[in-house]
Amino acid sequence: MHEYSVVSELISALLPKLEEHAGRIGAVVLVKGELRILSDTALKNAFELLARGTRLEGAELVIEPVEVRVCCRACGYEGAADHVREESFHFAIPILSCPACGAEVDVETGRELYVDRVTIRSEAPAEAP
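As the structure is a prediction and not an experimental result, all values here were calculated from the model.

*Asks:* Can you lay out the environment of Ser5 for me, pointing to particular residues and giving the numbers?
*Replies:* By the secondary structure assignment, Ser5 is in helix 1 (residues 2-18). Exposure remark for Ser5: the relative accessible area of 42% places this residue in the partly exposed category. It is 9.6 Å that separates the C-alpha atoms of Ser5 and Leu43, two residues lying 38 residues apart in sequence. A distance of 2.9 Å separates a polar side-chain atom of Ser5 from the backbone oxygen of His2.

*Asks:* So what about helix 1? Which residues, and what values?
*Replies:* Relative to the 24 Å expected for 17 residues at 1.5 Å per residue, helix 1 spans 24 Å between its end C-alpha atoms, a close match to the ideal helical length. Of the positions making up helix 1, those classed as buried are Glu3, Val7, Leu10, Ile11, Leu14 and Leu18. Around the axis of helix 1, the buried residues are gathered within 100° of arc, so they sit on the same side. In this fold, the buried residues of helix 1 make contact with strand 1 (24-33), helix 2 (40-50) and strand 6 (113-121).

*Asks:* Explain the side chain of Lys32 residue by residue, including any values.
*Replies:* Note on placement: Lys32 falls in strand 1. At 3.1 Å, the side chain of Lys32 and the backbone oxygen of Leu38 are in polar contact. Ignoring sequence-local partners within four residues, the contact set of Lys32 consists of Leu38, Asp40, Leu43, Ile63, Glu64, Pro65, Val66, Glu112 and Leu113.

*Asks:* Any details on the sheet that holds strand 3 (residues 69-72)? Residues and values, ideally.
*Replies:* Pairing is antiparallel across the open sheet formed by three strands, whose spatial order is 4-3-5. The open sheet is flanked by strand 4 (78-80) and strand 5 (105-109), the only strands paired with a single partner. When strand polarity is set aside, the average angle formed by the axes of neighbouring strands in this sheet is 35°.

*Asks:* Give a description of the nonpolar core that names residues and reports values.
*Replies:* Core analysis: the biggest nonpolar cluster contains 17 residues, and Leu10, Ile11, Val28, Leu43, Phe47, Leu56 and Leu61 have the highest contact counts within it. Every element with two or more residues in this core is listed here: helix 1, strand 1, helix 2 and strand 2 (60-66). Examining the composition of this core, we find that five residues originate from one element, helix 1, more than from any other. Residues within four places of Ile11 in sequence aside, it is in contact with Phe47, Leu50, Ala51 and Leu56. Val70, Cys72, Ala81 and Val105 belong to the second largest nonpolar core, which has eight residues in total.

*Asks:* I'd love a proper account of the pattern of salt bridges, names of residues and values included.
*Replies:* Summed over all chains, the structure comprises five salt bridges. Close ionic contact of Arg73 with Asp106 constitutes a salt bridge, the shortest N to O distance being 2.9 Å. Of the two residues, Arg73 is situated in the loop between strand 3 and strand 4 and Asp106 in strand 5; the sequence distance between them amounts to 33 residues. Exposure remark for Arg73: the relative accessible area of 54% places this residue in the exposed category. In this structure Asp106 comes out as partly exposed when scored by relative accessible area, which is 33%. In this structure, the salt-bridge partner of Arg117 is Asp116, at a minimum N-O distance of 2.4 Å.

Reading the values: the criteria
- Residues numbered from 1 in each chain as written.
- Predicted model: local features only at pLDDT ≥ 70, side-chain atom pairs only at ≥ 80, totals over all residues.
- Heavy atoms only, no water.
- Helix = DSSP H or I, 4+ residues; strand = E, 2+ residues; numbered from the N terminus.
- Buried < 20%, exposed > 50% of the residue type's maximum accessible area, 1.4 Å probe, protein only.
- Polar contact = N/O pair within 3.5 Å; in protein donor to acceptor, adjacent residues only side chain to side chain.
- Expected span 1.5 Å × (residues − 1).
- Arc of directions from axis to C-beta.
- Contact = heavy atoms within 4.5 Å.
- Pairing = 2+ DSSP bridges.
- Axes fitted to C-alpha atoms, helices over the stretch in contact; angles between N-to-C directions.
- Core = buried A, V, L, I, M, F, W, Y, C linked by side-chain atoms within 4.5 Å.
- Salt bridge = Lys/Arg side-chain N within 4 Å of Asp/Glu carboxyl O.

If you want it as structure tokens, here you go:
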């Protein structure tokens, strides 16, 4: 599964950036376009496994989906794409077409894959009795 290599790169990129921040990592928010052929479940499993022994251990990987939006070259339609939503979609490259006229479209959103934010819980000092 290529989800593990994606998560490995994500963790490798994040850890050096987190060194300057104190506190416990609560969540890593990943924005993922609908056209990214990556399983959310596999990404979360890979994150849990690969984060062990790092500062990210125990943090939640939150995946925020981005729907596909297109612009039609022929009729100017802008909006959701016309494609089949089924289990096999994960294993195939979708062919997108304009729902208005059936022509070829330009993809405007749906290919994203980036870390949007990381939540860090500040470690409050222990209260004196």
